[in-house]
Amino acid sequence: MMALASRKEKIEKELESFKPVMDASEIKKELIKKIKELNDQKDTLSKQISDTSSLLDLEKSKVTIGNDIHALETKKSLLNSDMDKLSKEIMFMNDELDTQSFGFYTPKYGFENFEAFQATLKDIRQQQKQMVKEKVATLHRLDWAIGDDKKKGKEFILDTVKLILRAIIIRQ
């Protein structure tokens, strides 16, 4: 039995020498478990970062949309103000037209009614046309010469008068 006891002791010593190897395998298992836990934590954190980034983008979009809404509301209020002014002006003009259709006319230029004003204006325009045709609408002299050539001087004066009269007619 002694031999068995010494052999048992010898085997236990050999097992003792392999204990660091056994501990290393346990450490390896623990490290693999820890690596898996850390990878899971990394995946969770990556998802949280992605979600946070999406939330930040949404917040930026919200601010931009809020600014756009504010600008549009301001524009809407300005347009409503303009529309109110134009509506009041239209109502005034409609009242004025109704008044004129009943024969009431507020004279500004000493005419009894609007038709008299239009007739006088038409007569004045006709007189202006006649004066242009007769070349008496402007005061000018035709005895002007360009380089001792009176014909060129006369053409120049008539062209200038024509331009001036066109400019006046366009302004009316």
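Preceding block: the structure.
On a predicted model such as this, the values are computed, not experimentally measured, just so you know.

Participant: Before we go on, may I ask you to explain the overall build of the protein in this structure?
Facilitator: When you go through the protein residue by residue, the secondary structure sums to 3 helices and 0 strands. Moving toward the C terminus, one meets the helices and strands of the protein in the order α-α-α. Within the protein, contacts between residues at least 6 apart in sequence are counted, and of these 15% link residues at least 24 apart.

Participant: What exactly am I supposed to notice about the packing of aromatic side chains here?
Facilitator: Pairs of aromatic rings are described using the distance from one ring centre to the other and the angle between the two planes. In this structure the tally under the stated criterion is 1 aromatic pair. Judged by centre distance (5.4 Å) and plane angle (35°), the ring pair of Trp144 and Phe156 falls under tilted. Remark: Phe156 occurs in helix 3 (residues 150-171) and Trp144 occurs in the loop between helix 2 (114-133) and helix 3; sequence separation between them is 12 residues.

Participant: What should I look at first to understand helix 2 in this one?
Facilitator: A turn of α-helix holds 3.6 residues, and therefore any two residues three or four places apart point the same way. For helix 2, which comprises 20 residues, the first-to-last C-alpha distance of 29 Å matches the rise-based estimate of 28 Å (1.5 Å per residue) to within 8%. Downstream of helix 2 by one or two residues, Lys135 has phi in the positive range, about 60°.

Participant: Mind showing me how you'd approach helix 3 here?
Facilitator: The terminal C-alpha atoms of helix 3 lie 32 Å apart, and with 22 residues this matches the ideal 32 Å at 1.5 Å per residue to within 8%. Every buried residue of helix 3 is accounted for by Gly153, Ile157, Val161 and Leu165. Mapping the buried residues of helix 3 onto a view down its axis gives an arc of 100°, with all of them on the same face. The exposed set on the far side of helix 3, more than 90 degrees from its buried face, consists of Lys151, Leu163, Arg166 and Ile170. Close packing links the buried residues of helix 3 with helix 2. Capping the start of helix 3 is the job of one residue whose side-chain oxygen sits 3.3 Å from the backbone nitrogen of Lys151: Asp149.

Participant: Got a minute to help me understand the pattern of salt bridges in this structure?
Facilitator: A side chain with one charge can pair with a side chain of the opposite charge if their charged atoms come near. Evaluated as defined, the whole model comprises 2 salt bridges. One salt bridge connects Asp51 with Lys47, and the closest N-O pair in it is separated by 3.5 Å. With Asp51 and Lys47 both in helix 1 (residues 2-101) and 4 residues apart, this pair spans about one turn of that helix. Since its relative accessible area comes to 37%, Asp51 is described here as partly exposed.

Participant: What should I look at first to understand a positive patch on the surface in this one?
Facilitator: Together, Lys135, Lys154, Lys162 and Arg166 give the surface a local cluster of positive charge. Relative to the elements of secondary structure, Lys154 occurs in helix 3. For Lys154, a relative accessible area of 40% puts it in the partly exposed group.

Participant: Hey, could you run me through the side chain of Thr138 in this one?
Facilitator: You can see Thr138 is positioned in the loop between helix 2 and helix 3. Side chain to side chain, Thr138 and His140 meet in a polar contact 2.8 Å long. Apart from the residues lying within four places of it in its own chain, the contact partners of Thr138 are Val161 and Leu165.

Participant: Where do I start with unusual backbone geometry in this structure?
Facilitator: Glycine aside, residues mostly have negative phi, and peptide bonds are mostly found in the trans state. Although it is not a glycine, Asp148 adopts a positive phi angle of roughly 65°. Turning to its location among the elements, Asp148 is positioned in the loop between helix 2 and helix 3. Residue class for Asp148 comes out exposed when judged on its relative accessible area of 79%.

Cut-offs applied
- Residues numbered from 1 in each chain as written.
- Predicted model: local features only at pLDDT ≥ 70, side-chain atom pairs only at ≥ 80, totals over all residues.
- Heavy atoms only, no water.
- Helix = DSSP H or I, 4+ residues; strand = E, 2+ residues; numbered from the N terminus.
- Contact = heavy atoms within 4.5 Å.
- Phe/Tyr/Trp six-rings, centres within 6.5 Å; stacked < 30°, edge-to-face > 60°.
- Expected span 1.5 Å × (residues − 1).
- Buried < 20%, exposed > 50% of the residue type's maximum accessible area, 1.4 Å probe, protein only.
- Arc of directions from axis to C-beta.
- Polar contact = N/O pair within 3.5 Å; in protein donor to acceptor, adjacent residues only side chain to side chain.
- Salt bridge = Lys/Arg side-chain N within 4 Å of Asp/Glu carboxyl O.
- Patch = residues over 30% accessible without salt bridge, like charges linked within 9 Å, V, L, I, M, F, W, Y side chains within 5 Å.
- Areas by Shrake-Rupley, 256 points an atom, 1.4 Å probe, with all protein chains shown as cover.
- Lys, Arg positive; Asp, Glu negative; His and termini not counted.
- Charge placed at Lys NZ, Arg CZ, Asp CG, Glu CD.

Fair warning: the whole summary comes from geometry, so function is off the table for now.
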